[in-house]
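# Chains, contacts and geometry: an overview
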Amino acid sequence: MKPLVLLATVLALPAAAENRIDLMRPDAPALAPAGDYVVGVRTMTFADEGRVDVVNTGAEGAPPTYDREITAEIWYPAADDTEPGGSYTALLRDGETEVTLTGMAARDAVPLEGSYPLVLLSHGYPGNRFLLSHLGENLASKGYVVVSADHPDSTYDDMGDFGSTLVNRPLDQAFLIDAIAGLEDGIGAIADTDHTGIVGYSMGGYGALIFGGAGLSEEAVTREEPERYVPPQGLLARHAAGSDSHAELVDPRVRAIVAIGPWGRNRDFWDAEGLAGLKKPLLLVAGGQDDVSEYPAIREIFEETTGTDRYLLTFTGANHNAAAPIPAPEEAWEMSESLGRAPFDHYADAVWDSVRMNNILQHFTTAFFAIHLEGRSDAAEYLDLVEDAEAGVWSVDEAGEPVDDHTQWAGFPERTAKGLRLEYRQAE
């Protein structure tokens, strides 16, 4: 038997890892599958001239400036005759290992004429522009222009001073909207920046909340330790609640925010007063066992963002990787000498299947942006749900149509609404 088992194992190994980012489970909720648009993708680099150089600012003297270059992957609806499919070359969490990711997008395809809402994807610390690429492709297939940036000083191969991320993340997000709006043709001609959504994961969620109006607490901008939380010369004060600089940052073109495992409340970067300044509709997504951004702190964000209507989608039992990262590339299962462990844990969850979490995120983000970026009231049924998914009742007639006591989560096939909670709070 042993030789036969060995032979079967060898035959089962693929010649090269395909690492698909567009996987869709048969039990995915209704709005998760790709839309009707063929997807194109291109890589572009933008430079924000004269940005304060946080990393090289000293204790005294005028802070130096530099041209902050941001490379972005951009997905968009492509011309109807585009042949779908393509691949990406990306780095793993170790910052060294190159992997190939495979998806539905066609490289440098001709954009489809029209006007499509803009969505920004913002990774964590560290991360890269491919970490949420499953969502980038998916939303583009539904009629969005999606921009996912490599945030300098925050990527796997460029992990700079954490203070740079604290100061620059919301500034990067603001700059990218202007950069896309400033393009005269191509992507710029089809991107409707007046209807923009932000999706931020971890430190991307931190930036999105600040950008959306949640100014930082006095403690955040005046603390003296730990050093990694203290950018030089009080540079973080530009994001302080009530400051003119923070008020100027908030952009009316941003219509909705999805914050996945947002970091910061667990370290008192906000207080209730600062979080109340958020006026953008908010969808929070979190793992119930998040020990990085800390689930109780995420719940505080949910309770204290009293200036807006907001939702909290909880994956019961999941940790910080809930929903956002692509499925772990095959190479991530192998030991990394530089990390001292397999990078698998950066992408995967101990309890939840990654593809299932991706599909659920695609479903709820599709509904949320349909309402707030497109004004589609028909998507509201997918958010008007009983709080505890497992309390929902599946009740249909002989024709399969729901009857009066049917409370199963809309869009979820029978027996699949498990381990989830969706809570809602109305603006006060």
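On a predicted model such as this, the values are computed, not experimentally measured, just so you know.

### A look at the overall build of the protein
- Scanning the protein from N- to C-terminus turns up 10 helices and 12 strands.
- A compact globule built from 428 residues would reach a C-alpha radius of gyration of about 22 Å, and the protein, at 22 Å, matches this within 12%.
- Over its C-alpha atoms, taken along the principal directions, the protein stretches across nearly 70 × 55 × 45 Å.
- Put simply, the protein has 428 residues, and 57% of those count as buried.
- Within the protein, contacts between residues at least 6 apart in sequence are counted, and of these 78% link residues at least 24 apart.
- Carbon and sulfur atoms form 48% of the exposed surface of the protein, whose accessible area is close to 18,000 Å².
- Across the protein, 29 positive and 71 negative side-chain charges occur, with their mean positions spaced 3 Å apart.

### Overview of empty space enclosed by the protein
- This structure, assessed with the given rule, holds 1 cavity of 30 Å³ or more.
- Lining the largest cavity we find A90, L91, L92, V99, L101, N128, F130, L131, Y156, I326, P329 and Y347.
- Contributions of two or more residues to the lining of the largest cavity are made by strand 3 (86-91) and strand 4 (98-103).
- For the lining of the largest cavity, the per-class residue count stands at 11 nonpolar, 1 polar and no charged.

### Some words on unusual backbone geometry
- Put simply, Y125 and P126 share a cis peptide bond, and its omega is -10°.
- Following the sequence through the fold, P126 ends up in the loop between strand 6 (116-122) and helix 2 (133-140).
- A cis amide bond links E225 with the next residue in sequence, P226, at an omega value of -5°.
- Unusually for a residue other than glycine, D108 sits at a positive phi of about 60°.

### Concerning the sheet that holds strand 6
- Strand order in this open sheet of 10 strands is 5-1-2-7-6-8-9-10-11-12, and the pairing throughout is mixed. In this open sheet, the two edge strands, each paired with only one partner strand, are strand 5 (106-107) and strand 12 (420-425).
- Here 4 bridges tie strand 6 to strand 7 (residues 145-150), and the two strands are oriented parallel to one another. If you follow L121 over to strand 7, its bridge partner there is S148.
- Where helix 2 meets the sheet, it contacts strand 1 (39-52), strand 2 (65-77), strand 6, strand 7 and strand 8 (191-201), and its direction lies at approximately 55° from that of strand 2.
- Sitting on the sheet, helix 9 (residues 295-304) touches strand 10 (282-287), strand 11 (310-315) and strand 12, and the angle it makes with strand 11 is about 160°.

### Some remarks on the nonpolar core
- Counting 62 residues, the largest nonpolar core has L313, F315, F364, F369 and W409 as its most contacted members.
- It is helix 10 (residues 354-372) that contributes the most residues to this core, 8 residues altogether.
- Leave out the neighbours within four places in its chain, and F315 touches V285, A286, G287, G288, A322, A323, W352, M357, I360, G419 and L420.
- Judged by nonpolar contacts, the second largest core, of 61 residues, contains F175, L176, I180 and V221.

### Description of the pattern of salt bridges
- Counted by the stated rule, this structure contains 25 salt bridges.
- For the salt bridge of D22 with R20, the shortest nitrogen-to-oxygen distance reads 2.8 Å.
- R421 is the partner of D388 in a salt bridge, and the nearest nitrogen-oxygen pair spans 3.9 Å. Of this pair, D388 sits in the loop between helix 10 and strand 12 while R421 sits in strand 12, placing them 33 residues apart in sequence.
- Judged by its relative accessible area of 29%, D388 is partly exposed.
- Each member of the salt-bridge network shares a partner with another, and the members are D48, R51, R68, D153 and D172.

### As for the confidence of the model for the protein
- Averaged over every residue, the pLDDT of the protein is 95; residues scoring 70 or more account for 96%.
- This model gives residues 1-14 a pLDDT under 50, and the stretch forms 1 contact once residues within four places in sequence are excluded.

### Topic: the layout of surface pockets
- Estimates place the volume of the largest pocket at around 490 Å³.
- Contributing to the lining of the largest pocket are 24 residues, with Y125, P126, S202, V292 and H320 lying nearest its centre.
- The residue makeup of the lining of the largest pocket, split by class, is 12 nonpolar, 7 polar and 5 charged.
- As a volume, the second largest pocket reaches approximately 290 Å³.
- What lines the second largest pocket is a set of 16 residues, and nearest its centre among them are L23, P327, A328, P329 and W333.
- Partitioned by chemical class, the residues of the lining of the second largest pocket number 9 nonpolar, 2 polar and 5 charged.

### Section: the environment of D405
- Its place among the elements puts D405 in the loop between helix 10 and strand 12.
- C-alpha of D405 to C-alpha of V393: the two residues are 12 residues apart in sequence and 7.1 Å apart in space.
- Setting aside its immediate chain neighbours within four residues, D405 contacts V393 and S395.

### Section: the environment of S338
- On the secondary structure map, S338 appears in the loop between strand 11 and helix 10.
- Overall, S338 belongs to the partly exposed group, its relative accessible area being 43%.
- Separated by 244 residues in sequence, S338 and D94 place their C-alpha atoms 6.6 Å apart.
- Within the local environment of S338, its side chain forms a polar contact with the side chain of S336, the two groups lying 3.1 Å apart.

### Observations regarding helix 3 (residues 162-181)
- The end-to-end C-alpha distance of helix 3 is 29 Å, a good match for the 28 Å that 20 residues give at a rise of 1.5 Å each.
- In helix 3, a bend of some 45° at N168 exceeds every other bend along the element, and P170, a proline, comes one to four places later.
- With 18 of its 20 residues buried, helix 3 lies for the most part within the structure.
- Capping the start of helix 3, D161 holds a side-chain oxygen 2.9 Å from the backbone nitrogen of G163, two or three residues further along.

### Some remarks on the side chain of D150
- Position of D150 relative to the elements: it lies in strand 7.
- For D150, the side chain forms a polar contact with the side chain of R129, separated by 2.6 Å.
- Aside from chain neighbours lying at most four places away, what touches D150 is I70, T71, H123, N128, R129 and T155.

What counts as what
Residues numbered from 1 in each chain as written. Predicted model: local features only at pLDDT ≥ 70, side-chain atom pairs only at ≥ 80, totals over all residues. Heavy atoms only, no water. Helix = DSSP H or I, 4+ residues; strand = E, 2+ residues; numbered from the N terminus. Rg over C-alpha atoms; globule rule 2.2 N^0.38 Å. Buried < 20%, exposed > 50% of the residue type's maximum accessible area, 1.4 Å probe, protein only. Contact = heavy atoms within 4.5 Å. Areas by Shrake-Rupley, 256 points an atom, 1.4 Å probe, with all protein chains shown as cover. Lys, Arg positive; Asp, Glu negative; His and termini not counted. Charge placed at Lys NZ, Arg CZ, Asp CG, Glu CD. 1 Å grid on protein atoms, 1.4 Å probe; cavity = no way out; pocket = protein on both sides within 12 Å on 5 of 7 lines; lining within 4 Å. Points joined across faces, edges and corners; volume = space filled by probe spheres on them. Nonpolar A, V, L, I, M, F, W, Y, C, P; charged D, E, K, R; others polar. Pairing = 2+ DSSP bridges. Axes fitted to C-alpha atoms, helices over the stretch in contact; angles between N-to-C directions. Core = buried A, V, L, I, M, F, W, Y, C linked by side-chain atoms within 4.5 Å. Salt bridge = Lys/Arg side-chain N within 4 Å of Asp/Glu carboxyl O. pLDDT = per-residue confidence, 0-100. Polar contact = N/O pair within 3.5 Å; in protein donor to acceptor, adjacent residues only side chain to side chain. Expected span 1.5 Å × (residues − 1). Bend = angle between axes of the 7 residues up to and from the residue.

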